[in-house]
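# Results of the structural survey
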Amino acid sequence: MARGSIADLEGHLARFRRLGLARLPTPLEPLTRLAGHLGGPRLWVKREDETGLGFGGNKLRKLDHVLRAAVEAGADTLVSGGVAQSNSQRQVAAAAAKLGLGCDLAVYHGRLAPPTPAYETSGNALLNRLYGARLHDVPWTGDRNGAIRDLADRLAAEGRRPFVVPYGVSDGLGAVGYASAIAELARQCGERGFTPRAVVHCSGSGGTQAGLVLGASLALPETEIVGIDIDAEPDRVRADVRRHGAAGADLLDMTFADDRVEVVAGHAGPAYGVPHAATVDAVRLAGRLEALVLDPVYSAKGLAGLIALVGAGRWRPDDDVVFIHTGGAPALFAYAAALAI
Ligand SMILES: *Cc1c(COP(=O)(O)O)cnc(C)c1O
């Protein structure tokens, strides 16, 4: 089996210096009890929920690269946005606090009906206030970056020097940042003596998957990257993965392997942010068997997708499959009353 060139990927990435917000490398751990329960391939988890700063998550790896541009541009304020329980804007707020920058966030209302009374105030919403972000309520229109840009324009007119962090921290530079997860993972798997058959994760704004595909095309060429759509918009997710991947490939002087983008539909439940029975089952199973804290918007739907693929017999017992835990645990508390856990 081709080993791929980890050094080649690391060489490409070495041209991009990280700010150092995320605590890396994140651990790779076996999921022995979950694998035993499901009866399929060997399972592992890459703990991207343990990137440290402000409760961590997958956005910090992207922010390490995207915010270097903000610092170099002399920005005094980070501007981003998301729904009230967005993990992305919570990580932007945490980074702003750590870097000594202001933080203004466009909080989208109307993308989903609040599932609990705590939705607007607990979990990530509480942490945003704790980290000192200023919150601006705006209506959801479907244009993910529109209100963020409008807010930045308003702040610039007031004399501030805003820097726009795109929705989900997904753009070409974010994808470059996420490719580093594959360099780490390839080394960690190599130390344990296996090449993963597949890497499975949930996919939303697409930057994470774009980076994983970019990295894997150099360092894990035999490994399937399987994105689980959690937005109930698989075509939009696929298109965004390709767009951010192409932009990242330009920055890295590579070509993006469009044919390696697999986005699996059918595990998002009724809509973004709305948990269904398989979501709740995955939250319970991960907690009971592995003391792994998943969230009902992203990581639990990702695991629900993995469980369904294992059940369908996609992999053999001697395959190694890595689940990427992308974070999101704070949202669990905001959803608690709707989950009956
Ligand atoms: C943002 C997020 C994702 C999705 O990552 P994208 O790069 O937006 O596709 C997955 N899991 C969690 C917990 C997230 O916060």
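See the structure printed just above.
Figured I'd write up the structure that's included with this text. Just so it is clear, the model here is predicted, and its values are computed rather than measured. In this numbering scheme, every chain counts its residues from 1 along its sequence in written order. Confidence filtering applies because this is a predicted model: local features only for residues at pLDDT of at least 70, side-chain atom pairs given and counted only at 80 or more, and all residues used for totals across whole chains, interfaces and linings. Excluding hydrogens and water, the side-chain figures rest on all heavy atoms present in the structure.

## Re the pattern of salt bridges
Here, a salt bridge means any side-chain nitrogen of Lys or Arg that lies within 4 Å of a carboxyl oxygen of Asp or Glu. Applying the stated rule across the entire model yields 25 salt bridges. Arg314 is paired through a salt bridge with Glu262; the nearest N and O atoms lie 2.8 Å apart. Here Glu262 lies in strand β9 (residues 262–264) and Arg314 lies in the loop between α11 (299–311) and β10 (320–325), a separation of 52 residues in the sequence. Per-residue accessibility, obtained with a 1.4 Å probe over protein chains only, is compared with the maximum for each type, and a residue is labelled buried under 20%, exposed over 50%, and partly exposed between these values. Relative accessible area serves as the criterion here: at 31%, Arg314 is assigned to the partly exposed category. Classification of Glu262 by relative accessible area gives partly exposed; the value is 27%. Helix and strand assignments follow DSSP, with helices taken as H or I runs no shorter than four residues and strands as E runs no shorter than two, numbered in order from the N terminus.

## Things to note about the sheet that holds β10
Taken in spatial order, the 6 strands of this open sheet run β1-β2-β10-β7-β8-β9, and their pairing is mixed. Both edges of this open sheet fall to β1 (28–30) and β9, since each of them pairs with a single strand only. The mean inter-strand angle of the sheet, taken between neighbouring strand axes irrespective of direction, is 30°. Sheet topology note: the β1/strand β2 (residues 42–47) ladder contains 3 bridges and is antiparallel. Among the inter-strand pairings, Glu29 is bridged to a residue of β2, identified as Val45. Contacts are residue-level and defined by heavy atoms, with any inter-residue pair within 4.5 Å sufficient. Only C-alpha atoms enter the line fits that serve as axes; for helices the fit covers just the stretch in contact. Angles between N-to-C directions range over 0 to 180 degrees. Strands in contact with helix α8 (residues 207–219) are β7 (198–203), β8 (224–229), β9 and β10; relative to β8, the strand with the most contacts, it is inclined by about 175°. In this fold helix α9 (residues 234–252) packs onto β7, β8 and β9, with an angle of close to 155° to the strand it touches most, β9. Between any two strands, pairing holds if DSSP finds at least two bridges.

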